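Geometric and topological summary
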Amino acid sequence: QVQLVESGGGLVQAGGSLRLSCAASGSIFSINIMGWFRQAPGNERELVAGISSGGSTNYADAVKGRFTISRDNAKNTVYLQMNRLKPEDTAVYYCTIVTGGTRAWGQGTQVTVSS
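Summarised in this report is the structure supplied together with it. (Residues numbered from 1 in each chain as written. Predicted model: local features only at pLDDT ≥ 70, side-chain atom pairs only at ≥ 80, totals over all residues. Heavy atoms only, no water.)

1. A short note on the sheet that holds strand β7 (residues 67-72)
Operational definition: Pairing between two strands is assigned when DSSP locates at least 2 bridges connecting them. Where helices and strands are cited, they refer to DSSP runs of H or I of at least four residues and of E of at least two residues respectively, numbered from the N terminus. A fitted line through C-alpha atoms serves as each axis, taken over the contacting stretch for helices, and the angle formed by two N-to-C directions is quoted from 0 to 180°.
Taken in spatial order, the four strands of this open sheet run β1-β3-β8-β7, and their pairing is antiparallel. This sheet does not close on itself; its edge strands, each paired only once, are β1 (2-7) and β7. Taken over all neighbouring pairs, the strand axes of this sheet differ in orientation by 15° on average, direction set aside.

2. Points about the packing of aromatic side chains
Which entries qualify depends on this criterion: Between rings of Phe, Tyr and Trp, where Trp is taken as its six-membered ring, a pair exists when centres lie within 6.5 Å; planes separated by under 30 degrees are stacked, by over 60 edge-to-face, and by other angles tilted. Two conditions define a charge located above a ring, namely a distance within 6 Å from the ring centre to NZ of Lys or CZ of Arg, and an angle within 35 degrees of the ring normal.
In this structure the tally under the stated criterion is one aromatic pair. Stacked on the ring of Tyr 94, the Lys or Arg Arg 45 has its end atom at 3.7 Å from the ring centre.

3. Quick word on the state of the cysteines
Quick reminder of the rule: In this description, the term disulfide denotes a pair of cysteine sulfurs within 2.5 Å. Burial classes: relative accessible area under 20% of the type maximum marks a residue as buried, over 50% as exposed, and values in between as partly exposed (1.4 Å probe, protein chains only).
Taken as a whole, this structure holds one disulfide when the rule is applied. For Cys 22, the disulfide goes to Cys 95, at an S-S distance of 2.0 Å. Measuring handedness by torsion sign, the sulfur bridge of Cys 22 and Cys 95 sits at about -85° and is left-handed. Of the two residues, Cys 22 is situated in strand β3 (residues 18-26) and Cys 95 in strand β9 (residues 91-99); the sequence distance between them amounts to 73 residues. As far as the burial class goes, Cys 22 and Cys 95 line up, both buried.

4. Considering unusual backbone geometry
Of note, the phi angle at Asn 76 is positive, near 50°, even though the residue is not glycine. Phi at Arg 84 is positive, roughly 50°, even though this residue is not glycine. Inspection of the secondary structure puts Arg 84 in the loop between β8 (77-82) and β9.

5. Remarks on the pattern of salt bridges
Here is the rule we go by: The salt bridge definition used is simple: a Lys or Arg side-chain nitrogen within 4 Å of an Asp or Glu carboxyl oxygen.
Tallied over the entire structure, the rule returns four salt bridges. Asp 89 serves as the salt-bridge partner of Arg 66, at 2.7 Å between the closest nitrogen and oxygen. Of this pair, Arg 66 sits in the loop between β6 (57-59) and β7 while Asp 89 sits in the loop between β8 and β9; the two residues are 23 residues apart in sequence, bridging distant segments of the chain. A residue is classified by how much of its surface remains accessible, and Arg 66, at 6% relative accessible area, is buried. Salt bridges sharing partners connect three or more residues here, namely Arg 38, Glu 46, Arg 66 and Asp 89.

Okay, here's the thing in structure tokens:
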């Protein structure tokens, strides 16, 4: 079983920055994928960014050039640096990990961007 604990959400003005963190613990295989999804009210949960244990990354088109995903394998922690935030980035952000053929989710952290 894997547990994920997120931190770093909050309220920020448009154009500002936030950094999300997510620490994983439990049964984690060395080969895994960690990432961030988000869900705005009335919308489906969508991928924001992902990163493999080898360091390969992928991003949603809406965040390319503004968000950066990174990880510390020694700490089983993934980060999401969000710059030039826009009101449409407002959502609950969920951390996720795929390891050993299973997926786990964090509890979510609210990000609100005011115009």
